[in-house]
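# Breakdown of the fold
Chain by chain, the residues:
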Amino acid sequence: MNVLEHYVTEIIGEPYYDDYGSGNYYWWLKVKALCYGSECETTLMFDSKEEALAIKKGYMFLS
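Presented here is a report on the structure given in the accompanying data block. This structure is a prediction, so every number in the text was calculated from the model and none was measured.

### Digging into the nonpolar core
Among the nonpolar cores identified, the biggest contains ten residues, and these are Val8, Trp27, Leu29, Val31, Ala33, Leu44, Phe46, Ala52, Ile55 and Phe61. If you list the elements that add at least two residues to this core, you get β2 (26-35) and β3 (38-46). If you tally residues by element for this core, the top one is β2, at four residues. Once residues within four sequence positions are removed from consideration, Ile55 is found in contact with Val8, Ile11, Leu29 and Phe46.

Okay, structure coming up:
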């Protein structure tokens, strides 16, 4: 499986706490990201609210 580097260009909203029906709660943050010239919207998952709040423009994640 290949993974690509994505860079956060914009944070959309505030982190929220949800389990999406699985029973395992996590913090979620919606962002816009840039990957090789293409922009997308995605949701990142974190274990704590502090981790979600630490995300800034330029944050790199693999997807």
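### With respect to the side chain of Asp19
Here Asp19 shows up in the loop between β1 (5-18) and β2. Despite its burial, Asp19 pairs with no opposite charge; the closest candidate is Lys30, at 14 Å N-O. With sequence-adjacent residues up to four places away left out, Asp19 is seen in contact with Asn24 and Tyr25.

### A closer look at the pairing of β3
Strand direction decides the pairing type here: β2 and β3, joined by nine bridges, are antiparallel. Looking across to β3, one finds that Lys32 is bridged to Glu41. Hairpin remark: β2 followed by β3, antiparallel, with two residues in the connecting loop; positive phi at Tyr36, about 50°.

### Quick look at a nonpolar patch on the surface
Residues Met1, Val3, Tyr7, Met60 and Leu62 make up a contiguous nonpolar surface patch of roughly 570 Å² in combined accessible area. Inspection of the secondary structure puts Met60 in strand β4 (residues 60-62). Residue classification places Met60 among the partly exposed residues on the basis of a relative accessible area of 35%.

Rules behind the numbers
Residues numbered from 1 in each chain as written. Predicted model: local features only at pLDDT ≥ 70, side-chain atom pairs only at ≥ 80, totals over all residues. Heavy atoms only, no water. Core = buried A, V, L, I, M, F, W, Y, C linked by side-chain atoms within 4.5 Å. Buried < 20%, exposed > 50% of the residue type's maximum accessible area, 1.4 Å probe, protein only. Helix = DSSP H or I, 4+ residues; strand = E, 2+ residues; numbered from the N terminus. Contact = heavy atoms within 4.5 Å. Lys, Arg positive; Asp, Glu negative; His and termini not counted. Salt bridge = Lys/Arg side-chain N within 4 Å of Asp/Glu carboxyl O. Pairing = 2+ DSSP bridges. Patch = residues over 30% accessible without salt bridge, like charges linked within 9 Å, V, L, I, M, F, W, Y side chains within 5 Å. Areas by Shrake-Rupley, 256 points an atom, 1.4 Å probe, with all protein chains shown as cover.

In short, the description is geometric, and any link to function would need to be established separately.
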